[in-house]
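# Fold and geometry: a report
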Amino acid sequence: MIPTLREGDRLLVRYGAPIRPGAVVLFRHPLQQDLLVVKRAAERRPKGWWLLSDNRPVDSDSRSYGPVPDELVLGRVLLRLRPSPAWLAPGRGLERLLLGPRLSRVPGLARRLGVWVEEV
């Protein structure tokens, strides 16, 4: 999940929280269910969530194991506690404001406040 998260980061997770595209989520790996993994929810598909890493060259995500069933998605990551606090789950109102015409012109502001913006 580099650059958003690094190995050893401490996270605050809200178990059972509603998931929407762009959210960072904690889930059980579909092929090794004793392994907990953190990825970004890209989209909802018929068989579950399509989860991707923020580090695009890394393909240990839904590109290799397919959609993750709802029952394996445990919760939404709200914030990184350590090494430096970072909010990863803004509310919908703040998300709309950050992506609106005024604030979207500030480079990197949305990403710094936890809004996922697909860079093409």
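As shown above, the structure is provided for reference.
Residues numbered from 1 in each chain as written. Predicted model: local features only at pLDDT ≥ 70, side-chain atom pairs only at ≥ 80, totals over all residues. Heavy atoms only, no water.

## So, the overall build of the chain
So the rule is basically this: Helix and strand assignments come from DSSP, with helices taken as H or I runs of at least 4 residues and strands as E runs of at least 2, each series counted from the N terminus. For the exposure calls, accessible area comes from a 1.4 Å probe over protein chains only, and a residue counts as buried if that area is under 20% of its type's maximum, exposed if over 50%, partly exposed in between. Between two residues, a contact is recorded if the distance between any of their heavy atoms is within 4.5 Å. For accessible areas, the Shrake-Rupley method is used with a probe of radius 1.4 Å. Any residue's cover is judged against the shown protein chains and nothing else.
Across its full length, the chain carries 3 helices and 6 strands. Helices (α) and strands (β) of the chain occur, in sequence order from the N terminus, as β-β-β-β-α-β-β-α-α. Among the 120 residues that make up the chain, the fraction classed as buried is 43%. Pairs at least 24 apart in sequence give 51% of the contacts found in the chain among residues at least 6 apart. In the structure as shown, the chain presents an accessible area of about 7500 Å², 56% of it carried by carbon and sulfur atoms.

## What about the environment of R14?
Relative to the elements of secondary structure, R14 occurs in strand 1 (residues 10-15). When neighbours within four sequence positions are excluded, R14 is seen to be in contact with G75, R76 and L78.

## Things to note about the packing of aromatic side chains
Filter applied, for reference: Pairing of aromatic rings covers Phe, Tyr and Trp, the last counted by its six-membered ring, and requires centre-to-centre distances within 6.5 Å; plane angles under 30 degrees mean stacked, over 60 mean edge-to-face, and any other angle means tilted. In this scheme, Lys NZ or Arg CZ marks a charge over a ring once it lies within 6 Å of the ring centre and within 35 degrees of the ring normal.
Inspection of the entire model under this criterion finds 1 aromatic pair. Their ring planes at 50° and their centres at 6.5 Å tell us that F27 and Y65 sit as a pair that is tilted. Here F27 is found in strand 2 (residues 24-28), whereas its partner Y65 is found in helix 1 (residues 62-65), with 38 residues between them in sequence. For the pair shown, F27 and Y65 are each scored as buried. Here R45 stacks its cationic end above the ring of W50, 3.8 Å away from the centre of that ring.

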